[in-house]
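One letter stands for each residue in the lines below.
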Amino acid sequence: ENLVLLHLANNSISGTIPTEIGMMKSTNLLILDMNTISGTIPTEIGMMEHHEHLFLLKNYINGTVPTEIGLIETLAGLFLSNNSINDTIPTEIGLIESLQFLFLNDNFLNSTIPTEVGLLS
C-alpha cells in the first residue's frame, strides 16, 4: 500500500501488463519503458486513483488506449510513444484536467484528434 514509485525501465520485462495494476492505489509514478511488454493496456488502469505519471514508451503495446484512462484525475503525464497502439485517441483523455504531458507519437493512430484534447489547458 505504500509503494509510491515503481521504476523498471530498460530491462527485458516481457508479457502483458497485469490487470492487478489497478490495485496500485498509492503508486503515483510507474515507469515501464524500454522493455518488451506486449498486449493491450488493461482497463483496470483507470483504478489507479493517485497516479501522476505513466511511462510505457518503447514497448510492443498494441490495441487502443482504454477510455478508463480518463478516470485517473491526477494524471499529469501519459507517455505511450513508440508502441503499436492503433485506432483512435479516446476523448476521455481530454477530460483529464491535470494532464500536462501527452506523448502518443510513433504509434499507428488513424483518426482525428478529439476536440476534447484541444480543450486541455
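Above: the structure in question.
Residues numbered from 1 in each chain as written. Predicted model: local features only at pLDDT ≥ 70, side-chain atom pairs only at ≥ 80, totals over all residues. Heavy atoms only, no water.

Q: Got a minute to help me understand the overall build of the protein in this structure?
A: The helix and strand tally for the protein stands at one helix and 10 strands. Against the globule reference of 14 Å for 121 residues, the protein gives a C-alpha radius of gyration of 13 Å, in line with a compact fold. Dimensions of the protein along its principal axes, counting C-alpha atoms only, are 35 × 30 × 20 Å. Here the protein holds 121 residues, and 40% of them are scored as buried. Carbon together with sulfur atoms contributes 55% to the accessible area of the protein, which is approximately 6,500 Å² in total. (Helix = DSSP H or I, 4+ residues; strand = E, 2+ residues; numbered from the N terminus. Rg over C-alpha atoms; globule rule 2.2 N^0.38 Å. Buried < 20%, exposed > 50% of the residue type's maximum accessible area, 1.4 Å probe, protein only. Areas by Shrake-Rupley, 256 points an atom, 1.4 Å probe, with all protein chains shown as cover.)

Q: Please clarify how the side chain of Asn35 should be interpreted in this entry.
A: Position of Asn35 relative to the elements: it lies in the loop between strand S3 (29-31) and strand S4 (36-39). Looking at Asn35, its side chain comes within polar contact range of the main-chain nitrogen of Asn11, at 3.1 Å. Not counting residues within four places of it along the chain, the set of residues in contact with Asn35 comprises Leu8, Ala9, Asn10, Asn11, Ser12, Ile13, Lys58, Asn59 and Tyr60. (Polar contact = N/O pair within 3.5 Å; in protein donor to acceptor, adjacent residues only side chain to side chain. Contact = heavy atoms within 4.5 Å.)

Q: Looking at this structure, I do not really get the pairing of strand S8 (residues 84-87). What am I missing?
A: Regular strands show a simple pattern: their side chains alternate between the two faces of the sheet. Here two bridges tie strand S6 (residues 60-63) to S8, and the two strands are oriented parallel to one another. Note that in S8 the partner of Gly63 across the bridge is Ile85. Pairing of S8 with strand S10 (residues 108-109), which is carried by two bridges, proceeds in the parallel orientation. By the bridge assignment, Asp87 is partnered in S10 with Leu109. (Pairing = 2+ DSSP bridges.)

Q: Honestly, the packing of aromatic side chains in this entry has me stumped. Any pointers?
A: How two aromatic rings sit relative to each other is set out by the distance from centre to centre and by the angle between their planes. This model, assessed by the stated rule, comprises three aromatic pairs. When the centroid spacing of 4.2 Å and the interplanar angle of 5 degrees are considered together, the rings of Phe55 and Phe79 count as stacked. With Phe55 in strand S5 (residues 53-55) and Phe79 in strand S7 (residues 77-79), this pair connects stretches of sequence that are 24 residues apart. For the ring pair Phe79 and Phe101, a centre distance of 6.2 Å and an interplane angle of 25 degrees mean the geometry is stacked. Within this pair, whereas Phe79 is found in strand S7, its partner Phe101 is found in strand S9 (residues 101-103), the two being separated by 22 residues in sequence. The exposure class of Phe101 is partly exposed, given its relative accessible area of 38%. (Phe/Tyr/Trp six-rings, centres within 6.5 Å; stacked < 30°, edge-to-face > 60°.)

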